[in-house]
Amino acid sequence: MSTSIRRIGVVGGGLMGAGIAEVCARAGLDTVVCEADATSARAARERVAVSLERAVQRGKLDRISAEEAQSRLLFTGDLDDLADRQLVIEAVVENADAKIEVFTALDKIVEDQEAILATNTSAIPVMRLGMATGRADRVVGLHFFNPVPVLPLVEIVTSLHTSDRVAAVTEEFVRDTLGKTAVRSQDRAGFVVNALLVPYLLAAVRMAESGFATATDIDEGMVLGCAHPMGPLRLADLIGLDTVAAIAESLYDEFKEPLYAPPPLLQRMVQAGLLGRKTGRGFHTYGRD
């Protein structure tokens, strides 16, 4: 039962990993966050602390609850500290080789053979990651959305090997323990949301690239003309242009449809380190919070 899942591991303490760790800690779970080294682990700790303080300042969380959540978090640079976890969620960079390396290591480290190994990948096939382990039936996609503490959706993605029991327990955990809404998806690149969203974002990039309209006008057009909460290029900046490009590449590799191909402008911006909000500049310019 998902109610018995109390010990959580998160691999990666970046924007997504920190957000996942925060929602787990806020749900009362013993949560260990593993980063590449001690310096990165300290940065992840600070990332969660800032987010919790922001929630307090905005009246979304009381001070005592924030302090209790922080007390449930342990940050480490040693993957071996995840040995006793019941559920480990991988949230490293959107790169298949990096994720496969993590799953290969977790398979050796996580002692409980009933533990669930989950990936927060946006587009990489869950099957590919599961096959890097000796327990592919225990591997599932658990795709959160940014910002994790705010957005209520989680995609649950099962591969051909994922057991029905693991899928059911994972969905119950998402719904009853984390209080989020779960949708199921087949193990196809992009799953449900990104398979629909990313072609729209890429169309906006191509429109800006062609000079048809400015980034500001494209975004204002979709916000004011279609009642979208955020324009496509600002959304791409929020997601991270490197992540958008990686998802597009995964989609194109699988489907070979031209609408999924990352435009040259997007590729050049990634090469230039103009990744959006997290670097202060993408299609728009951002101040540091």
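Quick note: structure is the one above.
Predicted, not measured: the structure shown is a model, and the values here were computed from it. (Residues numbered from 1 in each chain as written. Predicted model: local features only at pLDDT ≥ 70, side-chain atom pairs only at ≥ 80, totals over all residues. Heavy atoms only, no water.)

**Student:** Mind showing me how you'd approach the sheet that holds strand S6 (residues 139-144) here?
**Tutor:** Two orientations exist for strands paired in a sheet by backbone hydrogen bonds: parallel and antiparallel. Reading across from one edge, S3-S2-S1-S4-S5-S6-S7-S8 is the order of the 8 strands in this open sheet, with mixed pairing throughout. In this open sheet, the two strands that pair with only one neighbour each are strand S3 (73-76) and strand S8 (181-186). Sheet twist, expressed as the average angle between the axes of neighbouring strands with direction ignored, equals 25°. Note: strand S2 (residues 30-34) against S3, 4 bridges, orientation parallel. In the sheet register, Val 33 faces S3, and the bridge partner there is Phe 75. (Pairing = 2+ DSSP bridges. Helix = DSSP H or I, 4+ residues; strand = E, 2+ residues; numbered from the N terminus. Axes fitted to C-alpha atoms, helices over the stretch in contact; angles between N-to-C directions.)

**Student:** When you look at unusual backbone geometry in this model, what are you seeing that I'm missing?
**Tutor:** Trans peptide bonds make up most of the peptide bonds, and negative phi angles are found at most residues other than glycine. Residues Asn 146 and Pro 147 are joined by a peptide bond in cis, for which omega reads 0°. Relative to the helices and strands, Pro 147 resides in the loop between S6 and strand S7 (153-158). A positive phi angle, close to 55°, is found at Phe 191, a residue other than glycine. Here Phe 191 shows up in the loop between S8 and helix H7 (193-210). Overall, Phe 191 belongs to the buried group, its relative accessible area being 7%. Although it is not a glycine, Ala 227 sits at a positive phi angle of roughly 60°. By secondary structure assignment, the location of Ala 227 is in the loop between helix H8 (215-226) and helix H9 (232-239). A relative accessible area of 65% means that Ala 227 is categorised as exposed. (Buried < 20%, exposed > 50% of the residue type's maximum accessible area, 1.4 Å probe, protein only.)

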